Amino acid sequence: ATTKLVPRPERPLQSPKGKALTVKEVRYLLYTINRDNPIDLRDFAIIYSILRLSLRVSEICRLKVSDIKKDGKYWVIDYKGKGGRRQRQPLPNDVKQVIDDYLVADRINRRDSKTGGEDAFIFQAGISHRNYGVSEPLTTRHIWYLVKRKGELAGLG
């Protein structure tokens, strides 16, 4: 289309909020996370899933173990998206492996607290006496704080 027929869109007065990370910054962010215990593996899996799947934080919070399915010979993630609509997208093998590593490391905790199973949330909140035996997801606030803290450790601000 020529500019005679379709006018050029106006430039926004302000720059959009947020910041896109460079490849170097993503590496810094991922390399600052130790993967020695289940909590660190959970943090790594959350950040890695956000980066690779481009899901909203609220969608990451609500992911359940049963949302990861095999469709033919490929893995897919079937999740509840914005507006409550079910969405499906392919699950890359590296993301599947990271999530599986976390779930294997956390299996003892899930068994002892009775929060395992197919309907359990993948990324669970800490277990306390109030929610013992109930699988509760992390909050968006918790993930925001987690990403902020890991970004500061990586020197990203």
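Predicted, not measured: the structure shown is a model, and the values here were computed from it.

The rules behind the values
Residues numbered from 1 in each chain as written. Predicted model: local features only at pLDDT ≥ 70, side-chain atom pairs only at ≥ 80, totals over all residues. Heavy atoms only, no water. Pairing = 2+ DSSP bridges. Helix = DSSP H or I, 4+ residues; strand = E, 2+ residues; numbered from the N terminus. Axes fitted to C-alpha atoms, helices over the stretch in contact; angles between N-to-C directions. Core = buried A, V, L, I, M, F, W, Y, C linked by side-chain atoms within 4.5 Å. Buried < 20%, exposed > 50% of the residue type's maximum accessible area, 1.4 Å probe, protein only. Contact = heavy atoms within 4.5 Å. Polar contact = N/O pair within 3.5 Å; in protein donor to acceptor, adjacent residues only side chain to side chain. Expected span 1.5 Å × (residues − 1). Salt bridge = Lys/Arg side-chain N within 4 Å of Asp/Glu carboxyl O.

### Observations concerning the sheet that holds strand β3 (residues 86-90)
Read from one edge of the open sheet, three strands run β1-β2-β3, paired in antiparallel fashion. The sheet is open, and its two edges are formed by β1 (68-71) and β3, each paired on a single side. Going across the sheet, the axis of each strand differs from the next one's by a mean of 35°, ignoring polarity.

### A closer look at the nonpolar core
Across soluble globular proteins, you tend to see nonpolar side chains buried next to one another. Among the nonpolar cores identified, the biggest contains 31 residues, and Ile-46, Ile-60, Leu-63, Tyr-102, Ile-122 and Phe-123 are the most heavily contacted of them. Listed by contribution, the elements that provide at least two residues to this core are α1 (23-31), α2 (38-53), α3 (57-61), β2 (74-80), α4 (93-105) and α6 (140-153). A per-element tally of this core places α2 first, with seven residues. Ignoring anything within four residues of it in the chain, the contact list for Ile-46 reads Ile-60, Phe-123, Leu-138, Ile-143 and Leu-146.

### Examining the side chain of Gln-89
In this fold, Gln-89 is placed in strand β3. The class of Gln-89 is buried, set by a relative accessible area of 19%. Among the polar contacts listed, one links the side chain of Gln-89 to the backbone oxygen of Leu-53, at a separation of 3.2 Å. In this structure, Gln-89 is in contact with Leu-53, Leu-55, Val-76, Ile-77 and Tyr-79, ignoring residues within four places of it in sequence.

### Topic: the side chain of Asp-78
Note that Asp-78 resides in strand β2. Setting aside residues up to four positions removed in sequence, Asp-78 forms contacts with Asp-67, Lys-69, Arg-86, Gln-87 and Arg-88.

### Overview of α2
Between its first and last C-alpha atoms α2 spans 21 Å; for 16 residues at 1.5 Å apiece the expected length is 22 Å, and the two agree. Restricting attention to buried positions, one finds in α2 the residues Asp-40, Leu-41, Arg-42, Asp-43, Phe-44, Ala-45, Ile-46, Ile-47, Tyr-48, Ser-49 and Leu-53. The inward-facing, buried residues of α2 abut α1, α3, β2, β3, α4 and α6. Where α2 starts, the residue carrying a side-chain oxygen 3.2 Å from the main-chain nitrogen of Ile-39 turns out to be Asn-37.

### Remarks on the pairing of β1
With four bridges joining them, β1 and β2 adopt antiparallel strand pairing. If you follow Ile-68 over to β2, its bridge partner there is Ile-77. Count of turn residues in the β1/β2 antiparallel hairpin: two residues, of which Gly-72 carries a positive phi of about 70°.

### Details of the pattern of salt bridges
Applying the stated criterion to the full structure yields 11 salt bridges. We note a salt bridge from Asp-78 to Lys-69, for which the minimum N-O separation is 3.1 Å. Residue Asp-78 is classed as buried on the basis of its relative accessible area, which comes to 12%. Judged by its relative accessible area of 31%, Lys-69 is partly exposed. Between Arg-88 and Asp-71 there is a salt bridge; the shortest N-O distance is 3.4 Å. Of this pair, Arg-88 sits in strand β3 while Asp-71 sits in strand β1, placing them 17 residues apart in sequence. Looking at Asp-71, the relative accessible area reads 41%, which means it is partly exposed.

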